[in-house]
Amino acid sequence: PRRFVASFNRANLIYRVIPRSQPLRQVLEVAKQHDGESGIVYCASRNGAERLAKRLGDQGIRAVPYHAGLDVDVRSNNQEAVIHDEIQIVCATIAFGMGIDKPDVRYGIHHDLPKNIEGYYQETGRAGRDGLPADCVLLFNASDVVKQIGFIEEKTDEHERTVARQLLQQMVHFAETSDCRRRSLLDYFSEEFIDQNCGACDNCLE
């Protein structure tokens, strides 16, 4: 059989990491840059997604929450509103996006630190599926690392804890690196990025 090998590189995605200080203001700033365009804000918890959607609504942004704990009808209605551009931002847990193919999401924001690179890559990959430029912004705060370590220590299996710590450390390295973020991301997936400057991450652009 023939074997087809594709690249992990999504050249149209622009990766940025911003120290999280005033998350509501920072989310609003990104939304303002993409006025009228669709965006996803990923939150670590269901309560976090609901709180942020309400706070954005209070600021005049059309936003809805999306997570597995919502009533089925509410979740379905919110999903339809996203697909038909009736809302601007969906505040979601990782439950959002599975099987949803919306090509024109122009930005994805991680309000909280993902547990690992695989999750981060998959979630950022829901932006810019039409091949046009899209922003991927990670709001990074060291408190997230402490929180994640706390969750890891609750695991009963030592091997699981070890693996989870390694995955988290790689995610933290991506957030803290001064190197090209695209190179760092692709290196995780054993793909070499040879360009010195990708021209589409904060470290290269600045």
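Thresholds, definitions, all that
- Residues numbered from 1 in each chain as written.
- Predicted model: local features only at pLDDT ≥ 70, side-chain atom pairs only at ≥ 80, totals over all residues.
- Heavy atoms only, no water.
- Helix = DSSP H or I, 4+ residues; strand = E, 2+ residues; numbered from the N terminus.
- Contact = heavy atoms within 4.5 Å.
- Salt bridge = Lys/Arg side-chain N within 4 Å of Asp/Glu carboxyl O.
- Buried < 20%, exposed > 50% of the residue type's maximum accessible area, 1.4 Å probe, protein only.
- 1 Å grid on protein atoms, 1.4 Å probe; cavity = no way out; pocket = protein on both sides within 12 Å on 5 of 7 lines; lining within 4 Å.
- Points joined across faces, edges and corners; volume = space filled by probe spheres on them.
- Nonpolar A, V, L, I, M, F, W, Y, C, P; charged D, E, K, R; others polar.
- Pairing = 2+ DSSP bridges.
- Axes fitted to C-alpha atoms, helices over the stretch in contact; angles between N-to-C directions.

### Here's the deal with the environment of Lys155
So, step 1. Structurally, the position occupied by Lys155 is in the loop between helix H5 (142-153) and helix H6 (158-176).
So, step 2. Through-space distance from the C-alpha of Lys155 to that of Leu138 is 26 Å; in sequence the pair is 17 residues apart.
So, step 3. Sequence-distant contacts of Lys155, defined by excluding residues within four places in its chain, comprise Glu160, Arg161 and Ala164.

### A closer look at the pattern of salt bridges
So, step 1. Overall, the coordinates contain 12 salt bridges when judged by the stated rule.
So, step 2. The partner of Asp179 in a salt bridge is Arg183, with the nearest N and O atoms 2.8 Å apart.
So, step 3. Residue Asp202 pairs with Arg181 through a salt bridge whose shortest N-O separation is 2.6 Å. On the criterion of sequence distance, the pair formed by Asp202 in helix H8 (residues 202-205) and Arg181 in helix H7 (residues 181-188) is long-range, its members being 21 residues apart.
So, step 4. Here Asp202 falls in the buried class, since its relative accessible area comes to 5%.
So, step 5. Among the charged side chains, a salt-bridge network with shared partners connects Glu153, Glu158, Arg161 and Arg165.

### Examining the layout of surface pockets
To find leftover empty space, one rolls a probe the size of a water molecule over the atoms.
So, step 1. The calculated volume of the largest pocket comes to roughly 670 Å³.
So, step 2. Taken together, 29 residues make up the lining of the largest pocket; nearest its centre are Cys43, Ala44, Ser45, Asp112 and Leu113.
So, step 3. At the level of secondary structure, the elements contributing two or more residues to the lining of the largest pocket comprise helix H1 (23-33), helix H2 (46-58), helix H4 (117-124) and H5.
So, step 4. A class-by-class count of the residues in the lining of the largest pocket yields 12 nonpolar, nine polar and eight charged.

### Regarding the sheet that holds strand E1 (residues 13-19)
So, step 1. The strand order E1-E6-E5-E2-E4-E3 describes an open sheet built from six strands, whose pairing is parallel. Each edge of the open sheet is held by one strand with a lone partner, namely E1 and strand E3 (63-66). Within this sheet the neighbouring strands show an average axis-to-axis angle of 20°, counted without direction.
So, step 2. Two elements, strand E5 (residues 105-110) and strand E6 (residues 134-140), share four bridges in a ladder whose sense is parallel. Counted as the bridge partner of Gly108 is Cys136 from E6.
So, step 3. Contacts from helix H3 (residues 72-83) reach E3 and strand E4 (89-92) within the one sheet, and its direction differs from that of E3 by about 130°.

### Quick notes on empty space enclosed by the protein
So, step 1. Overall, the coordinates contain two cavities of 30 Å³ or more when judged by the stated rule.
So, step 2. Lining the second largest cavity, in full, are Ser38, Gly39, Ile40, Val82, Ile87, Gln88, Ile89, Val90, Lys102 and Val105.
So, step 3. At the level of elements, strand E2 (38-42) and E4 are the ones that each hand at least two residues to the lining of the second largest cavity.
So, step 4. Counting residues per element, the lining of the second largest cavity draws most heavily on E2, at three residues.
So, step 5. A breakdown of the residues in the lining of the second largest cavity according to their chemical character gives six nonpolar, three polar and one charged.

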